[in-house]
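Below, each chain spelled out in residue letters.
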Amino acid sequence: MIRDITIGQYYPADSVIHKLDPRVKLFSTMIYIIALFTFKGILAWGIITAALIAVVHISKVPFKFIVKGLKAIVVILIITAIFNLLLTPGDTVYWQYGPFKLTDTGIVNAVTMMIRLIYLIVGTSLMTLTTTPNQLTDGLETSLAPLNKIHVPVHAIAMMMSIALRFIPILIEETDKIMKAQMARGADFENGNLIQKAKNMIPLLVPLFVSAFRRADDLAMAMEARCYNGGKGRTKMKPLRYQTRDRVAYVSVLVFLAVVIVARIFCPWPQ
């Protein structure tokens, strides 16, 4: 389960998506999320699904590798579906027991929310899988550069996000090692009730936090030893420059958003 987390990992491949400017991918992800949580209707579902499948195919990232990241949120998906299914009022009630009821609106909301969460994980994972942390940092810093005029520490924010993304796969690997070591000593992370499972996580969380703080302290000391002082006056080894494919990608994303909006207006069912 730990190794199934794909957020923060980079999958190297020779594809058009990998070669796109990171600013384009950040903008596209933002538009995708907006479209995902505002669309309504079967037609809009079909448009977003077709666009997602096309981007996954172009990225040359194995679909199994992308879907693998969904295993880590299965519990969240189930809980979200149950809450929407049993706690949403509607016009037609199919079953009721106390405060819980199964309605037509509840079924539609549960299905819609599960689809949105799945598409959200797949879409955002695709961005990190096709973009290195350095590219994400440069793209985010360049995109937010106008905020420097109002004294927002853009470089510091971008650097913190880059470090956080770099630490995700490292901490996942560290967690896996600690779990195997504790299981070899007789620790049980699967059996027992909820309270027992929480207690059994203590031998895992304590060394994990110690390791994370140690790595953070080592990184801070290394940056201080190299006299790192932020982004003011610093140059980049690979400056970001827009290519023709980036402009085409911008136009494609805007066309995608326009089509989704039109589909929502003219095909609003189901609500």
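Please refer to the structure placed before this passage.
Residues numbered from 1 in each chain as written. Predicted model: local features only at pLDDT ≥ 70, side-chain atom pairs only at ≥ 80, totals over all residues. Heavy atoms only, no water.

## Description of helix H5 (residues 74-86)
Counted at 1.5 Å a residue, the expected span for H5 with its 13 residues is 18 Å, and the 18 Å between its end C-alpha atoms agrees. Within the sequence span of H5, burial applies to Leu77, Thr80, Ala81 and Asn84. Angular distribution of buried residues about the axis of H5 spans 100°; they occupy a single face of the element. Projecting away from the buried face of H5 at angles above 90 degrees are the exposed residues Val75 and Phe83. (Helix = DSSP H or I, 4+ residues; strand = E, 2+ residues; numbered from the N terminus. Expected span 1.5 Å × (residues − 1). Buried < 20%, exposed > 50% of the residue type's maximum accessible area, 1.4 Å probe, protein only. Arc of directions from axis to C-beta.)

## Some points on the pairing of strand S2 (residues 100-103)
Strand direction decides the pairing type here: strand S1 (residues 93-97) and S2, joined by four bridges, are antiparallel. By the bridge assignment for S2, Tyr97 is matched with Phe100. Hairpin geometry of S1 and S2 is characterised by an intervening segment of two residues between the two adjacent antiparallel strands and by a positive phi of about 65° at Gly98. (Pairing = 2+ DSSP bridges.)

## Observations concerning the nonpolar core
Ranked by internal contacts, the top residues of the largest apolar core, which has 29 residues, are Leu36, Phe39, Ile48, Ile66 and Val260. Among the secondary structure elements, those contributing two or more residues to this core are helix H2 (22-36), helix H3 (42-59), helix H4 (63-67), helix H6 (104-129) and helix H11 (244-266). Element by element, the count of residues in this core is highest for H6, at seven residues. Look past the residues within four positions of Leu36 in its chain and what remains in contact with it is Ile48, Arg116, Tyr119 and Leu120. Counting residues in hydrophobic clusters, the runner-up holds five residues, among them Met179, Phe189, Leu204 and Leu208. (Core = buried A, V, L, I, M, F, W, Y, C linked by side-chain atoms within 4.5 Å. Contact = heavy atoms within 4.5 Å.)

## Observations regarding the packing of aromatic side chains
In the structure shown here, the tally under the stated rule is three aromatic pairs. On the numbers, 5.6 Å between centres and 70° between planes, the contact of Tyr242 with Tyr250 is edge-to-face. Tyr242 sits in the partly exposed class, given a relative accessible area of 33%. Tyr250 gets classed as partly exposed once you look at its relative accessible area, which sits at 22%. An aromatic cluster is defined as three or more aromatic residues linked by ring pairs; in this entry it consists of Phe27, Tyr242 and Tyr250. Here Arg23 stacks its cationic end above the ring of Tyr242, 4.0 Å away from the centre of that ring. (Phe/Tyr/Trp six-rings, centres within 6.5 Å; stacked < 30°, edge-to-face > 60°. Lys NZ or Arg CZ within 6 Å of the ring centre and 35° of its normal.)

## A few points about the pattern of salt bridges
For the coordinates displayed, the defined rule picks out five salt bridges. Two residues, Lys177 and Glu173, come together in a salt bridge whose shortest N-O distance is 3.7 Å. Taken together, the residues span about one helical turn, with Lys177 and Glu173 both in helix H8 (residues 154-184) at a distance of four residues. By relative accessible area, Glu173 is classed as partly exposed at 41%. Note that Lys180 and Asp176 form a salt bridge whose closest N and O atoms lie 3.4 Å from each other. Remark: Asp176 and Lys180 occur in helix H8; sequence separation between them is four residues, near one turn of the helix. (Salt bridge = Lys/Arg side-chain N within 4 Å of Asp/Glu carboxyl O.)

## Section: the packing of H2 against H6
With their axes 10 Å apart at the nearest point, H2 and H6 run at an angle of 180° to one another. One finds that H2 runs roughly antiparallel with respect to H6. Contacts between H2 and H6 involve Lys25, Leu26, Thr29, Tyr32, Ile33 and Leu36 on the former and, on the latter, Arg116, Tyr119, Leu120, Gly123, Thr124 and Met127. Among the residues forming the contact of H2 with H6, the class breakdown is seven nonpolar, three polar and two charged. (Axes fitted to C-alpha atoms, helices over the stretch in contact; angles between N-to-C directions. Parallel < 35°, antiparallel > 145°, perpendicular 65-115°, else oblique. Nonpolar A, V, L, I, M, F, W, Y, C, P; charged D, E, K, R; others polar.)

## Concerning H8
Over its 31 residues, H8 runs 45 Å from end to end, which matches the ideal 45 Å to within 8%, given 1.5 Å per residue. At Ile168, H8 shows its largest bend, some 30°, and a proline, Pro169, comes one to four positions later. Backbone geometry just after H8 places Gly186 at a positive phi near 100°. (Bend = angle between axes of the 7 residues up to and from the residue.)

## Quick look at the packing of H8 against helix H10 (residues 202-225)
Direction vectors running N to C along H8 and H10 enclose 140°, while the axes themselves pass 10 Å from each other. Read as a crossing pair, H8 and H10 show a hand that is right-handed. Note on element contacts: H10 touches H8 through Pro203, Leu204, Pro207, Leu208, Ser211, Ala212, Arg215, Ala216 and Leu219, opposite Ile163, Phe167, Ile170, Leu171, Glu174, Thr175, Ile178, Met179 and Gln182. In the contact of H8 with H10, the residues fall into 13 nonpolar, three polar and two charged. (Left-handed = near helix turned anticlockwise from the far one by under 90°.)

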